[in-house]
Amino acid sequence: GAFADDIAAIQRLKAEKNAVILAHNYQTPEIFHCVADVTGDSLALAREAQNVEADVIVMAGVEFMAETAKLLNPSKTVLIPDSNAGCSLADSITGRDVRLMRERYPGLPVITYVNTSADVKAESDICCTSGNAARIVKSLGVDRVIMIPDEFLARNIAKETGVDVVTWKGHCEVHERFTPEEIRHWRDAYPGLVVLAHPECPPEVVAEADFSGSTAGMSDYVATADGRRVLLVTECSMSDNLAIQHPKVEFVRPCNLCPHMKLITLPAIRRALETMTTEVTIDPAVADRARLSIERMLAA
Ligand code: 13P
Ligand code: SF4
């Protein structure tokens, strides 16, 4: 098929360069199922990056994931197959914004979503992902925190934990587009539907769901859903990947595409390995402090 040539070339190049491919759950099925060595949510990819022994890590995902891998395993060559694969959340805030927030709310701990630049992580106390956000917030044992930059994640976690949050105006451009009306429409159209929503969705959307969790949390839920019909309120490739693994689950598939994730293709991965580009580097002036906030998260 159209993919076979690239898949064979990528497998050969991985062996030649001693490389592994880490792929996020939003990567397309031919990447997720045919060339990835490790797949997962942001948290799993960070943990796995730490343990890589190969010389080269190819991050089939977006820039912040590649940066996190580099921070956690700095002696490795980390490649991102398309250097324009950003994230609307990471683009919503700078290190300077975080410093100004600290001045405005002195004494409040700063919990920063991993979907941010190393610069922003360096100004933070601790990171979180969608998979551990509630646990990280509770681990601090305070009744008010700064949680940035995802306004919706922060509000969803505030609701779940009872901890008051000061947040930012960042949104995921994929998840902010879902509406509660849309979810109600799909429930009416598909009786018995189980609705799973990512916590980057607006709180009004999460309120319409049966379950909310990270992409790994949604995967785990689907693994127990044989014979059911499910709607994953998230990026399109999630259902495509899970449908291959779970033929007995019926997937209702309205979804939104992430244009950043979709920049990563088989030809882009092949080119990255052939040319060993683009290599991810982190400004040494921020690397140690950024690493600390990720390591605190992993230890919490
Ligand atoms: P998780 O896979 O950690 O749930 O993150 C979702 C996401 O939007 C990453 O870009
Ligand atoms: Fe960023 Fe949203 Fe795309 Fe994830 S899905 S990379 S949070 S824009």
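- Taking an unreviewed UniProt entry as the reference, the chain is identified by name as Quinolinate synthase belonging to Acetobacter nitrogenifigens DSM 23921 = NBRC 105050.
- UniProt annotates the chain under Sequence similarities (unreviewed entry) with the comment "Belongs to the quinolinate synthase family. Type 2 subfamily."
- Regarding the chain, the UniProt comment filed under Function (unreviewed entry) reads as follows: "Catalyzes the condensation of iminoaspartate with dihydroxyacetone phosphate to form quinolinate."

**Some remarks on the site of ligand 1**
Inference 1: By nearness alone, every residue bordering ligand 1 is listed as Asn25, Asp41, Ser42, Leu43, Asn115, Thr129, Ser130, Gly131, Cys172, Glu200, Ser214 and Thr215.
Inference 2: Residue composition of the shell around ligand 1, grouped by class: two nonpolar, eight polar and two charged.

**Some details on the environment of Ala133**
Inference 1: Among the secondary structure elements, Ala133 is positioned in helix H7 (residues 133–139).
Inference 2: Setting aside anything within four residues of it in sequence, one finds Ala133 in contact with Cys128, Leu153 and Ile157.

**Let's talk about the sheet that holds strand E10 (residues 211–212)**
Inference 1: Read from one edge to the other, the open sheet built from four strands follows the order E10-E9-E11-E12, with strand pairing classed as parallel. With partners counted over all chains shown, the strands left at the sheet margins are E10 and strand E12 (250–252), one partner each.
Inference 2: Pairing between strand E11 (residues 229–233) and E12: three bridges, direction parallel. Across the sheet, the residue bridging to Val230 is Phe251, located in E12.

**Digging into the site of ligand 2**
Inference 1: In the vicinity of ligand 2 lie 13 residues, with Cys87, Ser88, Cys172, Val174 and Cys258 positioned nearest.
Inference 2: Of the residues contributing to the shell around ligand 2, the split by class is seven nonpolar, three polar and three charged.

**A closer look at the UniProt feature "binding site: [4Fe-4S] cluster" (unreviewed entry) in the chain**
Inference 1: UniProt marks Cys87, Cys172 and Cys258 with the feature "binding site: [4Fe-4S] cluster" (unreviewed entry), using the numbering shown here. Considering the C-alpha atoms alone, the annotated residues occupy 172 residues of sequence yet fold into one spot, their largest mutual distance being 9.2 Å.
Inference 2: Filtering out sequence-adjacent residues up to four positions away, Cys87 remains in contact with Val62, Glu63, Phe64, Asn115 and His260.
Inference 3: Among the structural elements, Cys172 can be located in the loop between strand E8 (164–166) and helix H9 (180–189).

**Notes on the UniProt feature "binding site: iminosuccinate" (unreviewed entry) in the chain**
Inference 1: Per the UniProt record, "binding site: iminosuccinate" (unreviewed entry) is annotated on His24, Ser42, Tyr113, Val114, Asn115, Ser130, His198, Pro199, Glu200 and Thr215.
Inference 2: You can see Asn115 is positioned in the loop between strand E5 (110–113) and helix H6 (118–122).
Inference 3: Non-local contacts of Asn115, meaning those with residues more than four positions away in its chain, are made with Phe64, Cys87, Leu89 and Ala90.
Inference 4: Looking at the secondary structure, you find Pro199 in the loop between strand E9 (194–197) and helix H10 (203–206).

Procedures and definitions
- Residues numbered from 1 in each chain as written.
- Chains lettered and ligands numbered in written order.
- Predicted model: local features only at pLDDT ≥ 70, side-chain atom pairs only at ≥ 80, totals over all residues.
- UniProt positions renumbered as here; feature names shortened; annotations may be inferred.
- Near = placed C-beta within 6 Å.
- Nonpolar A, V, L, I, M, F, W, Y, C, P; charged D, E, K, R; others polar.
- Helix = DSSP H or I, 4+ residues; strand = E, 2+ residues; numbered from the N terminus.
- Contact = placed C-beta atoms within 7 Å.
- Pairing = 2+ DSSP bridges.

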